[in-house]
Amino acid sequence: MTSLALVVAHWQPSLRELTELQASRHIAPGVWSAKQILGHLIDSGVNNHVRFVRASREDGLALPGYDQTAWVEAGDYQQRPWADVLALWVAYQTQLAHVIDTLPPDSLDHTLSVGGSAPVTLRFIAQDYVQHQLHHLNQIPGRAQP
């Protein structure tokens, strides 16, 4: 599994280089800007934080999903300064990296279902979370360039 802390350390320098204009750029209507992508990753972190903590203590949970578009709109990341969005992403992902790294080993096989989906293990949720971060981070360079 790729460490979330390593993901943050790898991406932080290049994200800091983006200007406000680059981070705000929309390549097409309805397509998220870099600000909105990081906002989505923050929102995903909030929702997954609950999953990590609860599933580490209780097996067989059924937890709700969330409307990612509604969360990004409610967060209004597009109107926030890029430096603020980036700082929040770094701080929150750093905390989640610690949470993931300190999950009790015996809890990693606990299962949970999210939004009515088939049950998966906490290990899968943690690994998928890191992959989800990478998936969206890899979208940012192409969206920030004119």
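Since the structure is predicted, the reported quantities are computational estimates derived from the model, not experimental observations.

Draft legend 1. Inspection of the nonpolar core at higher detail. The biggest cluster of nonpolar side chains holds 41 residues, and the ones touching the most others in it are Leu15, Leu38, Phe52, Trp89 and Leu137. Among the elements that line this core, the one with the most residues is helix α5 (residues 82-101), at 9 residues. Apart from residues lying up to four places away in sequence, Phe52 is in contact with Leu96, Val99, Ile100, Leu103, Leu122, Ile125, Ala126 and Tyr129.

Draft legend 2. Highlighting the packing of aromatic side chains. What the rule picks out here adds up to 2 aromatic pairs. With 5.7 Å between their ring centres and 85° between their planes, Phe52 and Tyr129 make a pair best called edge-to-face. Placement of Phe52 in helix α3 (residues 34-57) and of Tyr129 in helix α6 (residues 122-137) is noted, with a sequence separation of 77 residues between them. Classification of Phe52 as buried rests on a relative accessible area of 0%. Ring geometry for Tyr66 versus Trp71: centroids 5.5 Å apart, planes at 75°, classification edge-to-face.

Draft legend 3. Structural context of the pattern of salt bridges. On inspection of all chains with the given rule, the structure shows 3 salt bridges. With a closest N to O distance of 2.4 Å, Lys35 and Glu20 form a salt bridge. Separated by 15 residues along the polypeptide, Lys35 in helix α3 and Glu20 in helix α2 (residues 20-24) bring together distant segments of the chain. The exposure class assigned to Lys35 is buried, which follows from its relative accessible area of 3%. For Glu20, a relative accessible area of 38% translates into the label partly exposed. With a shortest N-O distance of 3.8 Å, Asp84 and Arg80 are connected by a salt bridge. Here Arg80 falls in the partly exposed class, since its relative accessible area comes to 34%.

Draft legend 4. Spotlight on the pairing of strand β2 (residues 111-114). As defined by bridge partners, strand β1 (residues 61-63) adjoins β2 across 3 bridges and the pair is classed as parallel. By the bridge assignment for β2, Leu61 is matched with Leu112. When β2 meets strand β3 (residues 120-121), the two strands line up antiparallel, connected through 2 bridges. Across the sheet, the residue bridging to Thr111 is Thr121, located in β3. Between β2 and β3, which follow one another and run antiparallel, lie 5 residues, and Gly115 among them has a positive phi close to 60°.

Draft legend 5. Just α6, in detail. In this model, α6 (16 residues) spans 23 Å end to end at C-alpha, consistent with the 22 Å of a helix rising 1.5 Å per residue. Lining the buried residues of α6 we find α1 (4-16), α3, α5, β2, β3 and α7 (140-144).

Draft legend 6. Just the sheet that holds β3, in detail. Taken in spatial order, the 3 strands make up an open sheet running β1-β2-β3, and their pairing is mixed. At either end of the open sheet lies a strand with only one pairing partner, and these are β1 and β3. Where α3 meets the sheet, it contacts β1 and β2, and its direction lies at approximately 165° from that of β1.

Basis of the calculations
Here the residue index of a chain counts from 1 through its sequence in written order. Where local features are concerned, this predicted model is filtered to residues with pLDDT of at least 70; where side-chain atom pairs are given and counted, the filter is 80 or more; whole-chain, interface and lining totals use all residues. Heavy atoms from the whole structure form the basis of all side-chain values; hydrogens and water molecules are not counted. Take the buried Ala, Val, Leu, Ile, Met, Phe, Trp, Tyr and Cys residues and link them wherever side-chain atoms come within 4.5 Å; each set so joined is a nonpolar core. Exposed residues in this analysis have more than 50% of their type's maximum accessible area, buried residues have under 20%, and partly exposed residues fall in between, with area computed by a 1.4 Å probe over protein chains only. Each helix is a run of H or I in the DSSP string that is no shorter than four residues. Each strand is a run of E no shorter than two, and both are numbered from the N terminus. Contact definition: two residues touch when any of their heavy atoms are within 4.5 Å. Pairing of aromatic rings covers Phe, Tyr and Trp, the last through its six-membered ring, and needs centres within 6.5 Å; plane angles under 30 degrees mean stacked, over 60 mean edge-to-face, and all others mean tilted. Salt bridges are defined by distance alone: a side-chain nitrogen of Lys or Arg within 4 Å of a carboxyl oxygen of Asp or Glu. The pairing criterion is simple: DSSP has to find at least two bridges between the two strands. Expected helix span is taken as 1.5 Å per residue step, with the number of steps being one fewer than the number of residues. Inter-axis angles, ranging from 0 to 180 degrees, are taken between N-to-C directions of lines fitted to C-alpha atoms, where helices are fitted over the stretch in contact.

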